[in-house]
Amino acid sequence: FYSTGGDVSTKGSYVFNTTSSNGSISTAALTIANDNKATFASEITSGDDINCPTKIVLGQSAAPELRLKKTDAGTASVSFYSASVFKSYIELSAAEVMTYYATTGIDQTFYSNAQLNLTLSGTDATFAGNVFLTPTKKLYLGVDTYIDEQSADRFQLIVGGAEYIDVDQDAL
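Please read all numbers here as calculations on a predicted model, not as lab measurements. (Residues numbered from 1 in each chain as written. Predicted model: local features only at pLDDT ≥ 70, side-chain atom pairs only at ≥ 80, totals over all residues. Heavy atoms only, no water.)

Some thoughts on the side chain of serine 88
Step number 1: Topologically, serine 88 is positioned in strand 6 (residues 85–92).
Step number 2: Contact partners of serine 88, with chain neighbours within four places excluded, come to Val78, Ser79, Phe80, Tyr101 and Ala102. (Helix = DSSP H or I, 4+ residues; strand = E, 2+ residues; numbered from the N terminus. Contact = heavy atoms within 4.5 Å.)

Observations regarding the sheet that holds strand 6
Each strand in a sheet pairs with its neighbour through backbone hydrogen bonds, running either in the same direction (parallel) or in the opposite one (antiparallel).
Step number 1: In space, the 3 strands of this open sheet follow the order 5-6-7, with antiparallel pairing throughout. Looking at the sheet topology across the chains shown, the edges are occupied by strand 5 (76–82) and strand 7 (98–102). Going across the sheet, the axis of each strand differs from the next one's by a mean of 15 degrees, ignoring polarity.
Step number 2: Bridging between strand 6 and strand 7 involves 5 bridges; their strand directions are antiparallel. Pairing of isoleucine 90 across the sheet is with tyrosine 100, part of strand 7. (Pairing = 2+ DSSP bridges. Axes fitted to C-alpha atoms, helices over the stretch in contact; angles between N-to-C directions.)

Side note on the pairing of strand 10 (residues 124–127)
Step number 1: When strand 9 (residues 115–121) meets strand 10, the two strands line up antiparallel, connected through 4 bridges. From the neighbouring strand, leucine 120 faces strand 10, where its bridge partner is alanine 125.
Step number 2: What sits between strand 9 and strand 10 in their antiparallel hairpin is a turn of 2 residues, with glycine 122 showing a positive phi close to 60 degrees.

Regarding the pairing of strand 6
Step number 1: One ladder, built from 7 bridges, connects strand 5 with strand 6; its direction is antiparallel. Bridged to phenylalanine 80 within strand 6 is serine 88.
Step number 2: A loop of 2 residues connects strand 5 with strand 6, the two strands running antiparallel in sequence, and alanine 83 in this loop sits at a positive phi of about 50 degrees.
Step number 3: Count of turn residues in the strand 6/strand 7 antiparallel hairpin: 5 residues, of which glutamate 96 carries a positive phi of about 65 degrees.

Quick notes on the side chain of aspartate 148
Step number 1: Along the chain, aspartate 148 falls in strand 12 (residues 146–151).
Step number 2: One buried charged side chain, aspartate 148, makes no salt bridge at all; its nearest oppositely charged neighbour is lysine 138, positioned 4.2 Å away.
Step number 3: Separated by 2.4 Å, the side chains of aspartate 148 and glutamine 150 make a polar contact.
Step number 4: Those residues in contact with aspartate 148 that lie beyond four places of it in its chain are Thr136, Lys138, Arg154, Phe155 and Gln156. (Buried < 20%, exposed > 50% of the residue type's maximum accessible area, 1.4 Å probe, protein only. Lys, Arg positive; Asp, Glu negative; His and termini not counted. Salt bridge = Lys/Arg side-chain N within 4 Å of Asp/Glu carboxyl O. Polar contact = N/O pair within 3.5 Å; in protein donor to acceptor, adjacent residues only side chain to side chain.)

Next up, the structure:
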C-alpha cells in the first residue's frame, strides 16, 4: 500500500494503491479527487452503517445495480424516513415474500407510461383505468359471492355459493 499525494502527476488528487505480493503491479484502489469525490476500484464492504448526508449515486453504466445481499434466513429492506421518523419500507423476507409497507397517512401510487395506474390508500385500491381479468377467472366479492365468466359472452353472479343470475349474449 502506498499513496501519491497531491502533486502535478495526480492534479491535486490522492491515489491509494495496492501492490501484488511481489511488489511489481500497482493498482489504484481508491482515488480522492481534488473536488472531494472518492472513487473505489472495487466493491465497498462495511461492517456497520455507511452514513451519507445527501445521496449515493451509482455510476453511469449500461447496467448499474443496487444489490442487497441477504442470507436464506434473513431479510433485506430499504427503509424511508422523514425528519428521523420512519415512514415506509420495501422488504424481502426470509420466506421470500416481498412487502411494501407504509405508515398511517402514506399512500402508495404506481405509474406506467407516465400515467397513474393504481393508488393504495388505507384499505382502498383505486384504479385509474379499466380492470381486466384473464378469461374465465372470477371476481370475488366475499368468500362465496363472486362474478364468474363461464365462457365467452356468458357470466354468472354467484351469491352464497349458489347461482343467482346467469347471463349470456342471448338471455338473462
